[in-house]
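A look at the structure
Chain by chain, the residues run as shown.
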Amino acid sequence: MAAIVKIEELRVDYPASRHNETARTAVENLSLEIAEGEIFGFLGPNGAGKTSTMKVLLGFIPPTSGSARLFGVDVQQPIARQRIGYLPEQTYYYSFLTAEELLRFYGRLFAIAPEQLERRIDDVLKLVELEAVRKQRLKTYSKGMQQRAGLAQALINNPDLLILDEPTSGLDPIGRMKVREIIQRLKNEGKTVFFSSHELGEVETVCDRVAILHRGKLMAQGKVSDLVSEHQAGLEQVFLKIIGFNSEA
Ligand SMILES: Nc1ncnc2c1ncn2[C@@H]1O[C@H](COP(=O)(O)OP(=O)(O)OP(=O)(O)O)[C@@H](O)[C@H]1O
Ligand SMILES: [Mg+2]
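Residues numbered from 1 in each chain as written. Chains lettered and ligands numbered in written order. Predicted model: local features only at pLDDT ≥ 70, side-chain atom pairs only at ≥ 80, totals over all residues.

Our next topic: the pairing of strand 8 (residues 192-196). Along any regular strand, the residues point their side chains to alternate faces of the sheet. Most of strand 8 sits inside the fold, with five of its five residues counted as buried. In terms of strand pairing, strand 3 (residues 39-43) meets strand 8 through four bridges, oriented parallel. Across the sheet, residue Ile39 finds its bridge partner in strand 8, namely Val193. In terms of strand pairing, strand 7 (residues 161-165) meets strand 8 through five bridges, oriented parallel. (Buried ≥ 20, exposed ≤ 12 C-beta atoms within 10 Å, placed from the backbone. Helix = DSSP H or I, 4+ residues; strand = E, 2+ residues; numbered from the N terminus. Pairing = 2+ DSSP bridges.)

See the structure below:
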């Protein structure tokens, strides 16, 4: 299967700044590949380097060394990002917009033709189950609804690869289940999904493969079932063991 994401020996350093006097290495010697149609979970404690890795894929920050490719194209080239959708860790949308206005705004940024855009807006609102509230302002939405509006925005250009930075953070069990179902539906449509999460239970149910990052370094990767049988423990225990957390210490 073709690699949709290919990261090789990636290093990301944040230079010293006036507010942060010491330079910081966020990602070190990271290599990973994600195949077409995979749901790939990116795990790691706070500060592990997940968001930094995603920002490199999105072209927001340059790699210090190493390389990252999307669809075989180096991420430094804008064309690499044409077929991706992105849900940031924190979303800041104009709260006075309605969901359909938000999607129209982003659709225009992608230069989608007006008629096609209206059809696409209908489709994504249906997918994220916000059809009934499409004419309500985002500021009246609950966090779960806002998160799904963010997902709709990430999907407006019908991307082949979704990069979702903690798509279920702060959601209740129903909200999390809905996002999980959306990810599953995307997989059924043949999309590739790369998402970070701290919810190991959901990762276990939805992911084909996972990578565990700790202090910028890749500690493990593989199928959840393989990691679990290799370590003879549930994913949470595997995670804690891999990052060297000892609950008795
Ligand atoms: N703009 C920045 N300037 C300097 N250091 C940064 C910057 N962004 C992140 N870092 C540092 O890089 C490291 C990795 O951060 P990153 O946000 O990638 O982690 P993360 O795995 O996404 O964490 P979380 O689970 O908390 O979202 C951390 O040590 C962080 O302090
Ligand atoms: Mg993060």
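Next, the rest of the story.
This part is about the sheet that holds strand 7. The strand order 6-7-8-3-9-10 describes an open sheet built from six strands, whose pairing is mixed. Two strands close off the open sheet at either side, each with one partner strand: strand 6 (84-87) and strand 10 (217-222). If you compare each strand with its neighbour and ignore which way they point, the axes differ by 15 degrees on average. The strands that helix 4 (residues 143-155) touches are strand 6 and strand 7; relative to strand 6, the one it contacts most, it runs at about 160 degrees. (Axes fitted to C-alpha atoms, helices over the stretch in contact; angles between N-to-C directions. Contact = placed C-beta atoms within 7 Å.)

Bringing the site of ligand 1 into the picture now. As a matter of local geometry, ligand 1 sits amid 13 residues, with Tyr14, Ala26, Asn46, Thr51 and Ser52 nearest to it. Of all the elements, helix 1 (residues 50-57) adds the most residues to the shell around ligand 1, at three residues. Split into classes, the residues belonging to the shell around ligand 1 amount to three nonpolar, seven polar and three charged. (Near = placed C-beta within 6 Å. Nonpolar A, V, L, I, M, F, W, Y, C, P; charged D, E, K, R; others polar.)

Taken N-terminus to C-terminus, the directions of helix 7 (residues 224-231) and helix 8 (residues 235-242) make an angle of 70 degrees; their axes are 9 Å apart at the nearest point. Classified by the interaxial angle, the pair formed by helix 7 and helix 8 is roughly perpendicular. Residues Val224, Leu227, Val228 and His231 of helix 7 lie in contact with helix 8, whose contacting residues are Leu235, Val238 and Lys241. Taken together, the residues of the contact of helix 7 with helix 8 sort by class into five nonpolar, one polar and one charged. (Parallel < 35°, antiparallel > 145°, perpendicular 65-115°, else oblique.)

Moving on to the pairing of strand 6. Residues Ile84 and Tyr86 point to one face of strand 6 and Gly85 and Leu87 to the other, with burial holding for every one of them. Taken together, the four bridges between strand 6 and strand 7 define a ladder with parallel strand orientation. Paired with Tyr86 across the strands is Ile163, a residue of strand 7.

Attention shifts here to the domain arrangement of the chain. The domain boundaries assigned to the chain delineate domain 1 (1-79 + 167-249) and domain 2 (84-159). In this structure, domain 1 and domain 2 have C-alpha centres spaced 25 Å apart. Facing 12 residues of domain 1, the contacting portion of domain 2 comprises 12 residues. Here the side of domain 1 that touches domain 2 is composed, by residue class, of six nonpolar, three polar and three charged. (Domains from an automatic or database assignment.)

Unlike most non-glycine residues, Asn29 shows phi in positive territory, near 50 degrees. Here Asn29 lies in strand 2 (residues 24-35). Looking at Asn29, the number of C-beta atoms within 10 Å reads 13, which means it is partly exposed. One non-glycine residue, Arg215, lies in the positive phi region at around 50 degrees. Within the secondary structure, Arg215 sits in the loop between strand 9 (209-214) and strand 10. For Arg215, a count of 16 C-beta atoms within 10 Å puts it in the partly exposed group.

An ideal rise of 1.5 Å per residue puts 20 Å on 14 residues; helix 3 (residues 114-127) measures up with 20 Å between its terminal C-alpha atoms. The complete set of buried residues in helix 3 reads Arg120, Ile121, Val124 and Leu125. Here the buried residues of helix 3 occupy an arc of 130 degrees about the axis, which is enough to place them on one side. Facing away from the buried side of helix 3, by more than 90 degrees, are the exposed residues Glu115, Gln116, Arg119 and Lys126. Where helix 3 is buried, its residues meet helix 2 (99-109) and helix 4. Downstream of helix 3 by a residue or two, Glu129 has a phi angle that is positive, lying close to 60 degrees. (Expected span 1.5 Å × (residues − 1). Arc of directions from axis to C-beta.)

Our next topic: the environment of Thr64. The residue Thr64 is located in the loop between helix 1 and strand 4 (65-70) in this model. Excluding anything up to four places from it in sequence, Thr64 contacts Arg11, Val12 and Asp13.

On to the nonpolar core. Ala152, Ile163, Val193 and Phe194 are the most contacted members of the largest nonpolar core, which totals 65 residues. Built from parts of two domains, this core gets at least three residues from each of domain 1 (1-79 + 167-249) and domain 2 (84-159). Sequence-distant contacts of Ala152, defined by excluding residues within four places in its chain, comprise Ala99, Leu103, Val124, Leu125, Val128 and Leu130. (Core = buried A, V, L, I, M, F, W, Y, C linked by C-beta atoms within 7 Å.)

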